[in-house]
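So the chains spell out like this:
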2 protein chains.
Amino acid sequence: MASYLTAVPVLLLLAAVPICETGRVLVFPVDGSHWLNMQILVEALHSRGHNITVLRSSTSWYVKEHSPFYTSITIQQRHHESIESQEFMTAFLKRSIEIQRNKGSPFAFIAFFKNFFNCMELNHMAIGNLANNIFENKTVMQQLQEAQYDVVLTDPIFPLGVILAHYLKLPLVLNVRWLPIGEAHFALAPSPLSYIPQVLSHYSDKMSFWQRLGNVFYQTVFSYMYKFIVYPQYRGVLERYFGPDVDLLTLIQGADIWLMRMDFVFEFPRPTMPNAVYMGGLQCRNPNPLPPELTDFVQSSGEHGIVIMSLGTLLGELDPETSEIIASAFARLPQKVIWRHLGDQPSTLGNNTLLVKWLPQADLLGHPKTRAFVTHGGTNGLYEAICHGVPVLGLPLIFDQIDNMVRLEARGAAKALDVTNLDVESLTQALNDILDNTQPYRENMQRLSRLHRDRPIKPLDNAIFWIEFVIRHKGASHLRTESYRMPWYEYHNLDVIMFLLGCAMTFFVLIWFSCKFVWRAIKKNQKSKLE
Amino acid sequence: MASYLTAVPVLLLLAAVPICETGRVLVFPVDGSHWLNMQILVEALHSRGHNITVLRSSTSWYVKEHSPFYTSITIQQRHHESIESQEFMTAFLKRSIEIQRNKGSPFAFIAFFKNFFNCMELNHMAIGNLANNIFENKTVMQQLQEAQYDVVLTDPIFPLGVILAHYLKLPLVLNVRWLPIGEAHFALAPSPLSYIPQVLSHYSDKMSFWQRLGNVFYQTVFSYMYKFIVYPQYRGVLERYFGPDVDLLTLIQGADIWLMRMDFVFEFPRPTMPNAVYMGGLQCRNPNPLPPELTDFVQSSGEHGIVIMSLGTLLGELDPETSEIIASAFARLPQKVIWRHLGDQPSTLGNNTLLVKWLPQADLLGHPKTRAFVTHGGTNGLYEAICHGVPVLGLPLIFDQIDNMVRLEARGAAKALDVTNLDVESLTQALNDILDNTQPYRENMQRLSRLHRDRPIKPLDNAIFWIEFVIRHKGASHLRTESYRMPWYEYHNLDVIMFLLGCAMTFFVLIWFSCKFVWRAIKKNQKSKLE
């Protein structure tokens, strides 16, 4: 069955609508891969005539100072204060690989959380310092106040944009999948831990008793992390500029619209809220033609087609042993392979494998000859694979990557292997399974693709619509419950429950004493009769 | 600010999409005002080329046997078995008015629920009998099985369509606001009773302690009603055709898509689910020109404009005393009034008031001279008022009408009076308030109207898209959580909580005995030293 929506040109609906008013949008993005999808929003907003200002740190890695799409305000930051660097991430990755390799050891679990908490602490410390630098910089603060923005657009995993929006009393739109408390929905909608797995748990929505217990544990760990590791980094700024009793989470929950980088073709279905807008797959587009050197290579693959491998921006360089294993497995395939590889050329590299320093991933995934995608399991790549219906072999390692693969595996559209524990045999077997058309991986992925593309409005158009909605109406408070402001015992009706228990107990005590009284009276009566 | 979406023609998006496949849709509608919105869906589906079969009772009141939009299957039913009649509803209304009038009395509360339960029992008994008649009619069952429908579309307040869909193993789309357990979301998404008012409670989303207690009570009443009044009417059919352990609620929860007759401009924001599609206001359209006799009357109103009054399909005829009071209050207004009135002409009728047996409500509400709408508070009329930004004076009486008015009053766009306790002074005062431009009613309603109309896709187009989505993909199970199949103690993680409490208790008991042991050892030691 044809996908209906591919027939509708991008921004068709919005293009039919006159742009009545353009807005002034203040963006505080998060660096690294998070910038990739924020950039899509920024460029789309720019194309609709809005003025965009991006707030960035002087040490920023991906977010450039000069761009045709936005003007930037750069906050000076010393390099050692900043974690937005390839070196920091490379060191983090090295530790992660080491921990993953020793995962049999009883200390690996503790080492894992220590490494994760350390990463989060340094990140939030840097952002907390950036917050301080901004709030203490009178020129910048005056500039921000005088600019009269219509809306703040931010990724709240680092909540500086949220803090600024509240300080400037501006409507707030989040571009979000993660928060300092874990998966974003946990701060938005009721999230029964019995079927909603917290991130890092690696559980699906069907959990055994022990997994549900584990899920409670992961939720507790994130609450601990928020309270003792994340929040303290912002306490100073919050107390100074908002007063003593302002909770960071409440500020996040006060957002007007949550643009969720999620789609339920990929995520497990779960409770949501009217102000959540799902834009997962906003990067889905028709492929552009390949550059000539790749075209020739791809065409030479014949009926067998090609396999693409890329481990994303962070994990470009693998250790030599792993590279050799992967090269050997690739060499056994009848397919041709295009591999984004930054290290030395493996000695076992086959004639069928082309090493490249960079590849046009979306265009390759959209090529009709592409048969499989070997990836670290970052969401940008996975949504591109879903968009084009290419089955996935995952080599996940950090953050949400394993959880992402769990989601695709639950739908029978992917397989995942432990990248720190690879051997040629099992990798070859997994590749052959994914490439085997008698197995359901390809068909399942293509079904996901059909479901994903069949929607009344494209995710990017929908996201832009709701940002503009917030600009037009100065917020979207009618879509936001204020229940997050209730005391927790009222929210959970604990006072009502206690009252009802009290009533029931009083009732039973009264019955008890009445019975006792009547019993005594009868006994007394009998006694006096006997006497 | 202009509403963007008024510029986009209806079904623009879908019109741009080729109809790849037309489907066969089996509709089981609910009679009365519920048919009005189902009819809109049926006509839109017909205009898109789908084949529609409507299953109806021979005693049906609104759902005609012959229509250009559908073919019908009529199930013979004896009239005394049916409640789908004006007489039944008139009797119910009379009792409701009597109860409402005596609401000071301590028995009124009990009488209210007795009357409501009685109405529900007779309704569900009739539908239960209809279910029996269908399942025992081999010709009809064969016809239904051989027709190979693609989807069942039904209003599940009377769950016969749901039962049929499961029996025929067909995908299921609900057109829904109410269920036998109260407001529909209570069966779909987590619904904290601390801020989500159950229907009939007349509470808003900001509740005092006593209201939260009351809300728990109303929730309990609906659970009782479902279990002891509604479910027994279907038990026979369910046990015979599905086996002993099939719960009706679980069948409803297995629906693919919930087309909710709700919009959060009107409803309080609350948790929802990915398979809920909000189509509240699907009747919103540009007004047609008025018939000539009304045009002259409306034009003659000059700058003061007009007031529209209609109490809906059920409450056409008021008792003479109330009619006199309303006529007197209208006579005092500088506006002209168009009043849909079925009884005798009141003696106090002013020259400014035109009585009509029927009025083109949507077209009158869309007329620029319309200043206020006096209504019983049914949702069809209220969404038309929101669509055209006309402030409302409500005279609610039964079912959800008071709750509906609570929602509009919470937004400052309406006032409500007790129709059983009217006097000329207070009615005149309320009308003057609503009509007074220095008061915020009109401005608030127009703000709601702007928010309501400003959306990426029209509610009707969205509803049709999702019905066709279910036809194309044979369901939408990826949007539906299966958590409703979990045992309740697992869903609420009670086994995990008990396990953790058990561990904690074991821990403390061990500590206690260890301390005791050590303490005894020390004491023994001291004693032996002293000796």
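Keep in mind it's a predicted model, so treat the numbers as computed, not measured.

Cut-offs used in this document
Residues numbered from 1 in each chain as written. Chains lettered and ligands numbered in written order. Predicted model: local features only at pLDDT ≥ 70, side-chain atom pairs only at ≥ 80, totals over all residues. Heavy atoms only, no water. Core = buried A, V, L, I, M, F, W, Y, C linked by side-chain atoms within 4.5 Å. Buried < 20%, exposed > 50% of the residue type's maximum accessible area, 1.4 Å probe, protein only. Contact = heavy atoms within 4.5 Å. Pairing = 2+ DSSP bridges. Helix = DSSP H or I, 4+ residues; strand = E, 2+ residues; numbered from the N terminus. Axes fitted to C-alpha atoms, helices over the stretch in contact; angles between N-to-C directions. Salt bridge = Lys/Arg side-chain N within 4 Å of Asp/Glu carboxyl O. Polar contact = N/O pair within 3.5 Å; in protein donor to acceptor, adjacent residues only side chain to side chain. pLDDT = per-residue confidence, 0-100. Buried area = accessible area lost by both parts, 1.4 Å probe. Nonpolar A, V, L, I, M, F, W, Y, C, P; charged D, E, K, R; others polar. Least-squares fit on C-alpha atoms with pLDDT ≥ 70 in both. Domains from an automatic or database assignment.

A. Structural view of the nonpolar core. Core analysis: the biggest nonpolar cluster contains 338 residues, and Trp-258 and Leu-259 of chain A together with Trp-258 and Leu-259 of chain B have the highest contact counts within it. In contact with Trp-258 of chain B, not counting residues within four places along its chain, are Leu-174, Val-176, Leu-179, Ala-184, Ala-187, Leu-188, Ile-252, Gln-253, Asn-275, Ala-276 and Val-277 of chain B.

B. Region of the structure containing the sheet that holds strand E14 (residues 392-394) of chain B. Residues and elements named next belong to chain B. Pairing within the open sheet is parallel, and its six strands lie in the order E12-E11-E10-E13-E14-E15. Each edge of the open sheet carries a strand with a single partner, namely strand E12 (353-356) and strand E15 (414-416). Each strand axis lies, on average, 15 degrees off the axis of its neighbour in the sheet, ignoring direction. The sheet contact formed by strand E10 (residues 306-310) and strand E13 (residues 370-375) spans five bridges and is parallel. Residue pairing for E13: Ser-310 is matched across the bridge by Thr-375.

C. Seen up close, the pattern of salt bridges. All names here are of chain A. For the structure shown, the criterion picks out 40 salt bridges over all chains. A salt bridge links Arg-240 to Glu-136; the shortest N-O distance between them is 3.3 Å. Taken together, the positions of Arg-240 in helix H8 (residues 232-242) and Glu-136 in helix H4 (residues 108-136) put the pair 104 residues apart, joining distant regions of the chain. Judged by relative accessible area, Glu-136 falls into the exposed class, the value being 52%. The closest approach of N and O atoms between Glu-267 and Arg-177, which form a salt bridge, is 2.9 Å. You can see Glu-267 sitting in the loop between strand E8 (257-260) and strand E9 (276-278) and its partner Arg-177 sitting in the loop between strand E5 (172-176) and strand E6 (178-179), a full 90 residues away along the chain. Summarising the burial analysis for this pair, Glu-267 and Arg-177 share the class buried. Look at the salt bridges and you will find they share partners, linking Arg-177, Glu-267, Asp-400 and Arg-407 into a network.

D. Expanded view of the side chain of Arg-177 of chain A. All names here are of chain A. With a relative accessible area of 2%, Arg-177 lands in the buried category. Only 2.9 Å separates the side chain of Arg-177 from the side chain of Glu-267, close enough to count as a polar contact. Of note is the side chain of Arg-177, whose polar atom sits 2.9 Å from the side chain of Asn-404.

E. Fine view of the sheet that holds strand E1 (residues 24-28) of chain A. All names here are of chain A. The strand order across the open sheet built from seven strands is E3-E2-E1-E4-E5-E8-E9, with neighbouring strands paired in parallel fashion. Among the strands making up the open sheet, the edge pair consists of strand E3 (71-75) and E9. When strand polarity is set aside, the average angle formed by the axes of neighbouring strands in this sheet is 20 degrees. Summarising the sheet, strand E2 (residues 51-57) and E3 pair through five bridges and their orientation is parallel. Following the sheet pairing, Arg-56 is matched in E3 by Thr-74. Helix-sheet contacts for helix H17 (residues 459-473) involve E1, strand E4 (151-154), E5, E8 and E9, and the interaxial angle to E8 is about 165 degrees.

F. Representation of the confidence of the model for chain A. Residues and elements named next belong to chain A. Overall, the prediction assigns chain A a mean pLDDT of 92, with 94% of residues at 70 or greater. Note on residues 1-20: pLDDT under 50 across the span, and 45 contacts to partners over four residues away in sequence or across chains. The ipTM, which scores confidence in the relative placement of chains, is 0.93 for this predicted complex, and the corresponding pTM is 0.94.

G. Spotlight on the interface of chain B and chain A. Across the boundary between the two partners, chain B contributes 57 residues, which contact 58 residues of chain A. In total, chain B and chain A occlude about 5,600 Å² of area from one another, counting both sides; carbon and sulfur atoms represent 71% of this. On inspection of chain B and its partner chain A, the count reaches four salt bridges. At the boundary of chain B with chain A, the tally comes to eleven residue pairs in polar contact (both at pLDDT 80 or more). The element best represented in the side of chain B that touches chain A is helix H17 (residues 459-473) of chain B, accounting for six residues. Here the side of chain B that touches chain A is composed, by residue class, of 37 nonpolar, eight polar and twelve charged.

H. Spotlight on the relation of the copies chain B and chain A. When chain B is fitted to chain A, the best match, at an RMSD of 0.2 Å, comes from turning it 180 degrees and sliding it 0.0 Å along the axis. Both chain copies can therefore be described as sitting about a two-fold axis. Relative to the rotation axis, the closest C-alpha in chain B is found at Thr-272 of chain B, a distance of 2.6 Å. With an isologous cut-off of 70% or more, the 100% of interface residues of chain B that recur at the interface of chain A puts this contact in the isologous class.

I. A look at the domain arrangement of chain A. All names here are of chain A. Each assigned domain of chain A is listed with its residue range as follows: domain 1 (4-282 + 458-481) and domain 2 (304-453). For domain 1 and domain 2, the distance between their C-alpha centres works out to 28 Å. With 40 residues of domain 1 at the interface, the matching set in domain 2 holds 28 residues. Surface buried jointly by domain 1 and domain 2 totals about 2,900 Å² across both partners, of which 61% is contributed by carbon and sulfur atoms. By the criterion of area lost to domain 2, the three top residues of domain 1 are His-202, Val-265 and Phe-266, representing 26% of everything that side buries. Connecting domain 1 to domain 2 are twelve residue pairs in polar contact (both at pLDDT 80 or more). Elements with a contribution of two residues or more to the side of domain 1 that touches domain 2: helix H2 (33-47), helix H3 (86-101) and H4. Of all the elements, H3 adds the most residues to the side of domain 1 that touches domain 2, at eight residues. A breakdown of the residues in the side of domain 1 that touches domain 2 according to their chemical character gives 22 nonpolar, twelve polar and six charged.

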